[in-house]
Amino acid sequence: MKKILFLVCLSVLGKAQTTDTLFSASKIQSIIKVLASDDMKGREIFTPEIDSAAAFIASRFQKTGLTPYTSDSYFQTFSYERYPQGTLTNVIGILEGKSRKNEYVIFSAHYDHLGMRSPQMGTDSIYNGANDDASGVAAVLLLAEYFKKLNQNERTLIFVCFTGEEEGGLGSRYFSKQYDPNQITAMFNIEMIGTDSKWGKNSAFITGYEKSDFGTILQKNLSGTPFSFYPDPYRKEKLFYRSDNATLAYLGVPAHTISTSKMDNEPYYHQVNDEIDTLDLSNMSEIVKAIALSAQSIISGADTPTRINE
């Protein structure tokens, strides 16, 4: 009995050390510095810069050891008739499950942003989008590393960085048509986690909290930790329908967005000063760690969130 207890404690300690290392503020910073740099010129769709951002994300998925979306590419490329100027690209990496390969858990964020405004003398013209949503992309990339190292997922994990969210969720709309929604167990969409929530540090909210028991499961898995997930306090903003979770939620998937953005008082939202120096990277580290720990029972198959009836 003592030996079993020792092994369990050792396993928990090992996970804690892994999350502390993988989700450090410095690792988060290194990703956001690339995506939110001036060189990316705001990551607007149909620009060379958003292609550079997609290539960067794909390279991270490859380095992590994720399976590509197709046999030779992490890119899911598509087009819409109303956008004749070019194609769009989601970036997808897959970590196959062990015993429940045909049950999918999605971790997502969008990597596009608003591009640039007309330059004015002496003023910033680049919408860097550090919080919106380079912060979410950083979380997805580091969660992919964590679960790959852990190598214990019974369900298949799909890590996707969407394009075209700022244009009405173009990437997530296309993505949702490529999968049977009945096979998708849950979606963790991560949007704007770079600032403290209205409750302060070690907290975040979940949109559509009342629509499934997704949030209840996550909070149960964080029992004994200082972190708390709360229901969305900005119901009038209809955030549940304004991010990349919405399309799959309409199809019944318990697809929710995790965020900390104070939508009644977020001074950098869709502003050119949404830059990395406005982010609380240490708090972000705790948020990503909490997402990793709270997802464990869902990816293991121990918990299955209730479906959404929209």
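1. Quick look at the overall build of the protein chain
- Within the protein chain one finds nine helices and nine strands.
- Relative to the 2.2 N^0.38 estimate, which gives 19 Å for 310 residues, the radius of gyration of the protein chain is 19 Å and therefore close to what a compact globule would have.
- For the C-alpha atoms alone, the extent of the protein chain along its principal axes is close to 70 × 40 × 40 Å.
- For the protein chain, with 310 residues in total, the buried portion stands at 55%.
- At a minimum sequence separation of 6, the contacts of the protein chain that also span at least 24 residues come to 81%.

2. A short note on helix α2 (residues 25–35)
- Buried residues of α2: Ile-28, Ile-31, Ile-32 and Leu-35, and no others. Down the axis of α2, the buried side of the element spans an arc of 95°, and every buried residue falls inside it.
- Where α2 is buried, its residues contact α3 (48–64), α4 (130–150) and α8 (281–294).

3. Structural notes on unusual backbone geometry
- In this model, Asp-132 is joined to Asp-133 through a cis peptide bond whose omega is 0°.
- Inspection of the secondary structure puts Asp-133 in helix α4.
- Of note in the backbone geometry, Arg-43 takes a positive phi value of approximately 50° without being a glycine.
- One can find Arg-43 in the loop between α2 and α3.
- The phi angle at Phe-46 is positive, at roughly 65°, despite the residue not being glycine.
- Relative to the helices and strands, Phe-46 resides in the loop between α2 and α3.

4. Remarks on the environment of Val-34
- Tracing the backbone shows Val-34 in helix α2.
- Each C-alpha atom, one on Val-34 and one on Ala-130, is 9.7 Å from the other, the two residues being 96 residues apart in sequence.
- Discounting chain neighbours no more than four positions away, the residues touching Val-34 are Met-40 and Phe-56.

5. Comments concerning the confidence of the model for the protein chain
- In the predicted model, the protein chain carries a mean pLDDT of 93, and the fraction of residues at 70 or more is 93%.
- Low confidence marks residues 1–13, where pLDDT is under 50. Its contacts with residues over four positions away, or in another chain, come to zero contacts.

6. Some remarks on the packing of aromatic side chains
- Taken as a whole, this structure holds 18 aromatic pairs when the rule is applied.
- Ring geometry for Phe-107 versus Phe-188: centroids 4.8 Å apart, planes at 20°, classification stacked. Of this pair, Phe-107 sits in strand β4 (residues 100–110) while Phe-188 is found in strand β6 (residues 184–190), placing the two residues 81 residues apart along the sequence.
- Given the relative accessible area of 0%, Phe-107 is considered buried.
- A relative accessible area of 0% means that Phe-188 is categorised as buried.
- Aromatic ring contacts, followed pair by pair, group Phe-23, Phe-107, Tyr-146, Phe-147, Phe-159, Phe-188 and Phe-214 into a single cluster.

7. Section: the nonpolar core
- Within the largest apolar cluster, 70 residues are counted, with the highest numbers of intra-cluster contacts made by Ile-32, Phe-61, Phe-107, Leu-143, Phe-147, Phe-159 and Phe-188.
- Setting aside residues no more than four positions away along its own chain, Phe-107 makes contact with Val-140, Leu-143, Phe-147, Leu-157, Ile-158, Phe-159, Val-160, Phe-188, Ile-291, Ala-295 and Ile-299.
- Counting 17 residues, the second largest nonpolar core, distinct from the first, contains Ile-94, Tyr-104, Ile-158 and Ala-255.

8. Quick look at α4
- Across its 21 residues, α4 extends 28 Å between first and last C-alpha, which sits within 8% of the 30 Å expected from 1.5 Å per residue.
- The buried fraction of α4 is high, at 19 of 21 residues.
- Asn-151 lies just past α4 and shows a positive phi near 55°.

Procedures and definitions
- Residues numbered from 1 in each chain as written.
- Predicted model: local features only at pLDDT ≥ 70, side-chain atom pairs only at ≥ 80, totals over all residues.
- Heavy atoms only, no water.
- Helix = DSSP H or I, 4+ residues; strand = E, 2+ residues; numbered from the N terminus.
- Rg over C-alpha atoms; globule rule 2.2 N^0.38 Å.
- Buried < 20%, exposed > 50% of the residue type's maximum accessible area, 1.4 Å probe, protein only.
- Contact = heavy atoms within 4.5 Å.
- Arc of directions from axis to C-beta.
- pLDDT = per-residue confidence, 0-100.
- Phe/Tyr/Trp six-rings, centres within 6.5 Å; stacked < 30°, edge-to-face > 60°.
- Core = buried A, V, L, I, M, F, W, Y, C linked by side-chain atoms within 4.5 Å.
- Expected span 1.5 Å × (residues − 1).

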